[in-house]
Amino acid sequence: RPFHVEPTNIVSVNDDMQRVTDEASAMNKRIHYYSRLTSPADRALIAPDHVLPAPDEIYVYSPLGTAFKVDSCTDGYGKNSSIVTIFMIWNTMMGTSILSIPWGIKQAGFTSGIILILLMGILTLYCCYRVVKSRKMIPLIDTSNWEFPDVCKYYFGSFGQWSSLLFSMVSLVGAMVVYWVLMSNFLFNTGKFIYNFFHYINVTDIVPGTNGSNKVICPSAASGHPPQNRSVMFSSGNNTGFELFEEWWNKSQTVPFYLVAVLLPLLNLKSPSFFAKFNVLGTVSVVYLVFLVTVKAARLGIHLEYNWFTENDFFVPEFRILFPQLTGVLTLAFFIHNCVITLLQNNRNQENNVRDLSVAYFLVGLTYLYVGVIIFASFPSPPLSKECIEQNFLDNFPSDDIMSFVARIFLLFQMMTVYPLLGYLARVQLLRQFFGNAYPSVFHVLVLNVAIVGAGVAMARFYPNIGGIIRYSGATCGLAFVFVYPSLIYVISLHRAGQLTWPALIIHIFIILLGLANLIAQFLL
């Protein structure tokens, strides 16, 4: 017998051929998805290397601007393990909202703040689960390469398409405005630290604070006024030079404009994919913030007093009428609904999507709880009031604090690399809808970018309150993507299948009303 083929070998060959066929089909769907995001002339999202089946490194892009590389964590065929999927979701959701969680707990009250973080996490997870299931409930249509805006268009027509675009732009532009305010803040404090260090200037701020090596300050002085930029009592250095520096290095009047010279040219690049390589700094920044919070709490101790409904000079009640301000922040803090399908479609075991999504939400909520509770509990009251907790909790540490200085450096560089990605995604979504091209001309792109940058500069100049910006944008885009669209789509699909029941209808109408009340409350409180 010159040649003999074992039956087991035939089965093995057939399995390999089927795997290659499935792999090629998945690759074609991914190429089709990326080709819909940009024009043929723009190679930024056209069939990038990570859609090919063989490589061991994958670049993950989310519509919110997070982009990071996963090295040697796949099965060799472009699929991710559950651990990698959970990490991607956690990394995408962890953003600037973490800086405002302690302030939100202060606005809601300690006990009600903890309860609201848990309830909002559960509610947004349920709505996120409905988003994941939405495209699978459409019969007789291949929806494997659909995103949630495609599902909205299917159920609501052109209204769903344009409204999803509008609310998506609200989330993107809102994030870019928050980034500009924070970058101005971090750049100001970093420059102030460097100037004082090299000129041997010892500055005592006007704002009240604690004494000792672990100083905590109250920039707003518990009076509702914006943080002061002035300082006094320098022990060495040239007085005239110091005053000149403070005149030209002002947190709201000059520093926001300095950023324009750096970031506006970067926004006009056709492809900012280079900056995606630095997004690992986002993870490093969050880990360092957790470390900073832990060290500060160990040094400051715990300062809590339970007053359920009355407040005194140093503590706030456990329940406060301002609690919707925290729910607005949390809506954006747990917001991943317009890109969760993208993140889960590369999961190796699709049957684990619900479990992996739940674990990721649990870890995100645990991170928010840890940072928020520890900062609130360790804030030194007395001598300072809990009302002094700032919308960016790093503002409660002076510019000459070494650990806070390192955190600001990390966050500044990370935001400056993510900002062009957010601008690119805003350009792709908006200009393609109106002109059919993500880069119709330099003039079109420049006008859009000037408008976005102008919004950031204006907010940093006149309304540098990141907690307020986050809660307004979060409640607005969350109304559509978190509360209304997932609930309506689920109810409509059940009705078409003849499976709609009164309890399901009442529950989802209640969810929609919660989202509407959350938005209205932001403008009333």
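Cut-off values and rules
- Residues numbered from 1 in each chain as written.
- Predicted model: local features only at pLDDT ≥ 70, side-chain atom pairs only at ≥ 80, totals over all residues.
- Heavy atoms only, no water.
- Axes fitted to C-alpha atoms, helices over the stretch in contact; angles between N-to-C directions.
- Helix = DSSP H or I, 4+ residues; strand = E, 2+ residues; numbered from the N terminus.
- Parallel < 35°, antiparallel > 145°, perpendicular 65-115°, else oblique.
- Left-handed = near helix turned anticlockwise from the far one by under 90°.
- Contact = heavy atoms within 4.5 Å.
- Nonpolar A, V, L, I, M, F, W, Y, C, P; charged D, E, K, R; others polar.
- Phe/Tyr/Trp six-rings, centres within 6.5 Å; stacked < 30°, edge-to-face > 60°.
- Buried < 20%, exposed > 50% of the residue type's maximum accessible area, 1.4 Å probe, protein only.

Turning next to the packing of helix 3 (residues 101-108) against helix 11 (residues 353-378). Across the interface, helix 3 lies against helix 11 with an axial gap of 8 Å and an inter-helix angle of 65°. Between helix 3 and helix 11, the angle is such that the two are roughly perpendicular. The two elements helix 3 and helix 11 meet at a crossing, and its hand is right-handed. On helix 11, the residues touching I101, P102, I105 and K106 of helix 3 are Y368, V371, G372, V373, I375 and F376. Considered class by class, the residues forming the contact of helix 3 with helix 11 number 8 nonpolar, 1 polar and 1 charged.

So, about the packing of aromatic side chains. This model, assessed by the stated rule, comprises 25 aromatic pairs. With a centroid separation of 6.2 Å and an interplanar angle of 20°, the aromatic rings of F245 and W249 are classed as stacked. There is no split in this pair, since F245 and W249 are both buried. Arranged with centres 6.1 Å apart and planes meeting at 45°, the rings of Y288 and F291 form a pair that is tilted. Placement of the pair is Y288 and F291 together in helix 8 (residues 280-300), with a separation of 3 residues, close to one helical turn. Looking at F291, the relative accessible area reads 46%, which means it is partly exposed.

A few words now on the environment of L300. Along the chain, L300 falls in helix 8. The class for L300 is buried, based on a relative accessible area of 17%.

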